[in-house]
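Here is how the chains run, residue by residue.
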Amino acid sequence: MLDLRETTSDLDAVRAALGRRGFTDDALFAELASLAEKRREVIQARESLQQERNEASQAMGRIADKKSAEFQEKREALKGLGERVKGLEAEARDVEARLGALMLSLPNLPHESTPEGLDESANVVLRTVGDKPELGFEAKDHVALAEGLGLLDLERARKISGARFVVLRGMGARLERALAQLMLDVHVDAHGYDEVSVPSLVKDASLLGTSQLPKFEDDLFKIARHEALEAVQDGDERGPDLYLIPTGEVPVTNLHADEILDAASLPLGYVARTQCFRSEAGSYGKDTRGMIRVHEFQKVELVRFVHPEEALEEHALLVAHAEAILQRLGLHYRAVELCAGDLGFGAHKCIDLEVWLPGQQAYREISSCSWFGDFQARRMKARFRPASDAAAKGSGGKKKPKPQLLHTINGSGLAVGRTLVALLEQYQREDGSVALPEALQPYVGGRTELTP
RNA sequence: GGAGAGCUGGCCGAGCGGUCGAAGGCGUCUGAUUCGAAAUCAGAUGUACUCGUGAGGGUACCGUGGGUUCGAAUCCCACGCUCUCCGCCA
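What you are looking at is a predicted structure, and each value in this text was computed from that prediction instead of being measured.

Undergrad: Can you walk me through the overall build of chain A in this structure?
TA: Counting its secondary structure elements, chain A contains 15 helices and 16 strands. Considered along the principal axes of its C-alpha atoms, chain A spans approximately 105 × 65 × 40 Å. Every one of the 452 residues in chain A was classed for burial, and the buried ones make up 48%. Counted over contacts in chain A with a minimum sequence separation of 6, partners at least 24 positions apart contribute 74%.

Written as structure tokens, this is what we have:
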């Protein structure tokens, strides 16, 4: 969420910044401006009436004899004041709720370094690492390879769960496990992240915090609990209130919701392997084959909580951490800076890592590393207290600095399933066997290749 | 599934219609003491909104929403969340 005061005090700047990402809605901005003004008026009216009520009631309290005629008289005189206060309170709440809903619907402002452009064609390739493997034969795709090697059983996945689910077997299952473990080990031991193991089901408030809700409910799987179901059947408005996480970002980022952290504890870095669930509504016909786009997959997620002044460098650092995995595995990939129009809803700046898939002759996203500025932190109320700095010391002031919103950064490090796909496709041999990179070998019992 | 308890400031925890933004403790900060530190003593220490150039003023917040009342952290109702015990279960 954007800051209300900053947004309304310079609405044109916000409109221009959001315009960069193709977000234009004049009616919305007009309503925002008028609601913001209305809000001030109502707040002022409410507060002055509250003050009147408080002063009168306190005067009542000071009258010793509650049975006196004076007391009775004053009480009569005050009847109705409370009602008027309540009326204004309700009005203020209504205005603030409408304004809040509008603010929640605004995406984040792109960072100044974010390239111009309205769709992915304007994304900028920052660097390409490694080379496309020269196979010398026609590349098979991961489905053909995996089925040839007995790693993948899509038919049975369909039987037990339906389309867009995957069953891995034998070395397929083991490779998934090995990859996740390699990733976790590198991030913990080499990059200094704290490993956490977190729930796959979260409350709506958590999804609101990381900005999957309220706008992207259709992308999520909801869990209907019995009580909640009954409430719905009884005509109650309340819906199910637990969701399957679409990414580890949600539970991990919300670890510090509603907290005020010590400045000295920053930056904080967490890594988690989680199951991820996506409804993939609206992606009919896209990537229907194999394990590129499925309802359930594993991902190793990196999340950093950082000081705003260090955020830009911290973002680059997280990208480097994710890249390190690709490099250890010897996978050819490129880093792409998303243009303003391709940014995710909450992102301030975003760099995608795209791995080369010979079977598709295309680069495919394997990690998306976003810097959210204070967009998520404001929704989550995740703050830190700055260290008392030299300025305060010099002036002899002993005021504690005010809490300030953190910046959040996250990215996959990496999507496990897609890493497996890339591995198979890039290391494939003409006979359908697949070599295994050295870094992975200790995790698969020393095996150096997969053979049919 | 059954029974019960609770939700108060950075944390713990008292309060149970007006004098309560809220005792006390812990933590933190400042000062005294010290060669320095620990210990001790004294003082300070919530968040947000709003008015004001400023100094400063006002308002809200004791899980959330509603009700009773001149007045609610305190009473009533609903909801949410957390916890405990029993049952079931990885």
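Right, picking up where we left off after that structure.
Undergrad: Even after reading the chapter, I still don't get the layout of surface pockets, so can you show me in this structure?
TA: To find leftover empty space, one rolls a probe the size of a water molecule over the atoms. Taken as a whole, the second largest pocket holds about 700 Å³ of empty space. Forming the boundary of the second largest pocket are 20 residues, of which Leu 2, Asp 3, Leu 4, Arg 5 and Arg 378 lie nearest the centre. Going through the elements one at a time, helix 1 (4-9), helix 3 (26-62) and helix 5 (81-105) are the ones with two or more residues in the lining of the second largest pocket. Class assignment for the residues of the lining of the second largest pocket results in seven nonpolar, two polar and eleven charged. Looking at which domains feed residues into the lining of the second largest pocket, each of domain 1 (4-104) and domain 2 (120-450) gives three or more.

Undergrad: Is there a simple way to explain the confidence of the model for chain A in this structure?
TA: As a general rule, the predicted coordinates of low-pLDDT regions are not to be interpreted in detail. Within chain A, residue pLDDT values average 88, and 93% of them lie at 70 or more. When the criterion is pLDDT under 50, residues 226-240 qualifies, and its contacts beyond four places in sequence or with other chains add up to eleven contacts.

Undergrad: Is there a simple way to explain the pattern of salt bridges in this structure?
TA: Charged atoms that come close allow side chains of opposite charge to pair. Tallied over the full model, the rule gives 24 salt bridges. For the salt bridge of Glu 76 with Lys 79, the shortest nitrogen-to-oxygen distance reads 3.8 Å. Arg 378 is the salt-bridge partner of Asp 374, the closest N and O atoms lying 2.9 Å from each other. You can call Asp 374 partly exposed: its relative accessible area is 25%.

Undergrad: Would you explain the packing of aromatic side chains in this entry?
TA: Two aromatic rings, taken as a pair, are described by how far apart their centres are and by the angle between their planes. Overall, the coordinates contain five aromatic pairs when judged by the stated rule. Among the aromatic side chains, those forming a connected cluster through ring pairs are Phe 216, Phe 345 and Phe 375. It is Lys 132 that lies over the ring of Trp 356; its NZ or CZ is 4.3 Å from the centre.

Undergrad: I tried to follow the sheet that holds strand 13 (residues 404-405) on my own but got confused; where do I start?
TA: Pairing between the strands of a sheet comes from backbone hydrogen bonds, and it takes one of two forms, parallel or antiparallel. The three strands are arranged 6-12-13 in an open sheet whose pairing can be described as mixed. This sheet does not close on itself; its edge strands, each paired only once, are strand 6 (259-262) and strand 13. Sheet analysis places strand 6 next to strand 12 (residues 382-385), joined by four bridges and oriented parallel. From the neighbouring strand, Ile 260 faces strand 12, where its bridge partner is Arg 383.

Undergrad: I'm lost on the domain arrangement of chain A in this one. Help?
TA: The extent of an interface is frequently quoted as the accessible surface area lost upon association of the parts. Annotation of chain A at the domain level lists domain 1 (4-104) and domain 2 (120-450). Here the C-alpha centroids of domain 1 and domain 2 sit 42 Å apart.

Undergrad: What is the right way to look at the sheet that holds strand 2 (residues 194-195) in this model?
TA: An order of 1-9-10-11-14-8-7-2 is seen for the eight strands of this open sheet, with the pairing classed as mixed. Strand pairing shows two members of the sheet lacking a second neighbour, strand 1 (124-129) and strand 2, which therefore form its edges. Pairing between strand 8 (residues 296-306) and strand 14 (residues 407-415): seven bridges, direction antiparallel. Bridging from a neighbouring strand, Lys 299 pairs with Ala 415 of strand 14. Running at roughly 5° to strand 14, helix 12 (residues 311-328) makes contact with strand 1, strand 8, strand 9 (333-337), strand 10 (349-357), strand 11 (362-371) and strand 14 of the sheet.

Undergrad: Teacher, can you tell me more about helix 3 here?
TA: Each α-helix winds once per 3.6 residues, and so residues spaced three or four apart point in a common direction. With 37 residues, helix 3 ought to run about 54 Å at 1.5 Å a step, and its terminal C-alpha atoms sit 54 Å apart, in line with that. Along helix 3, the positions that sit buried rather than exposed are Leu 28, Phe 29, Leu 32, Leu 35, Ala 36, Val 42, Ile 43, Arg 46, Leu 49, Gln 50 and Met 60. Turning to helix 3, the residues buried within the fold contact helix 1, helix 2 (11-20), helix 4 (69-78) and helix 5.

Undergrad: Even after reading the chapter, I still don't get the side chain of Gln 376, so can you show me in this structure?
TA: Along the chain, Gln 376 turns up in helix 13 (residues 375-380). Polar contacts involving the side chain of Gln 376 include one to the main-chain carbonyl oxygen of Thr 210, which spans 3.2 Å. Not counting residues up to four positions away in its chain, the partners in contact with Gln 376 are Gly 209, Thr 210, Glu 249, Thr 253, Thr 408 and Asn 410.

Undergrad: Quick question: what am I supposed to make of the packing of helix 2 against helix 3 here?
TA: Packed helices, taken two at a time, are described by the angle between their axes plus the distance between the axes. For the pair helix 2 and helix 3, interaxial distance at closest approach is 11 Å and the crossing angle is 155°. The orientation of helix 2 relative to helix 3 falls into the category roughly antiparallel. When you trace helix 2 past helix 3, the crossing you get is right-handed. Together, Leu 11, Val 14, Arg 15 and Leu 18 of helix 2 and Asp 26, Phe 29, Leu 32 and Ala 33 of helix 3 make up the contact between the two elements. Each residue belonging to the contact of helix 2 with helix 3 can be placed in one class, and the counts come to six nonpolar, no polar and two charged.

Undergrad: How should I be thinking about the state of the cysteines in this particular structure?
TA: Between two cysteines, a covalent bond joining their sulfur atoms is known as a disulfide. Evaluated as defined, the whole model comprises zero disulfides. The closest cysteine sulfur to the non-disulfide-bonded Cys 350 is located on Cys 369, 7.1 Å from its own sulfur. Under the relative-accessibility criterion, Cys 350 is labelled buried at 2%.

Undergrad: Honestly, the environment of Glu 155 in this entry has me stumped. Any pointers?
TA: Here Glu 155 shows up in helix 7 (residues 154-160). Considered as a pair, Glu 155 and Phe 165 are ten residues apart in the sequence and their alpha carbons are 9.6 Å apart.

Conventions and cut-offs
- Residues numbered from 1 in each chain as written.
- Chains lettered and ligands numbered in written order.
- Predicted model: local features only at pLDDT ≥ 70, side-chain atom pairs only at ≥ 80, totals over all residues.
- Heavy atoms only, no water.
- Helix = DSSP H or I, 4+ residues; strand = E, 2+ residues; numbered from the N terminus.
- Buried < 20%, exposed > 50% of the residue type's maximum accessible area, 1.4 Å probe, protein only.
- Contact = heavy atoms within 4.5 Å.
- 1 Å grid on protein atoms, 1.4 Å probe; cavity = no way out; pocket = protein on both sides within 12 Å on 5 of 7 lines; lining within 4 Å.
- Points joined across faces, edges and corners; volume = space filled by probe spheres on them.
- Nonpolar A, V, L, I, M, F, W, Y, C, P; charged D, E, K, R; others polar.
- Domains from an automatic or database assignment.
- pLDDT = per-residue confidence, 0-100.
- Salt bridge = Lys/Arg side-chain N within 4 Å of Asp/Glu carboxyl O.
- Phe/Tyr/Trp six-rings, centres within 6.5 Å; stacked < 30°, edge-to-face > 60°.
- Lys NZ or Arg CZ within 6 Å of the ring centre and 35° of its normal.
- Pairing = 2+ DSSP bridges.
- Axes fitted to C-alpha atoms, helices over the stretch in contact; angles between N-to-C directions.
- Expected span 1.5 Å × (residues − 1).
- Polar contact = N/O pair within 3.5 Å; in protein donor to acceptor, adjacent residues only side chain to side chain.
- Parallel < 35°, antiparallel > 145°, perpendicular 65-115°, else oblique.
- Left-handed = near helix turned anticlockwise from the far one by under 90°.
- Disulfide = S-S within 2.5 Å.

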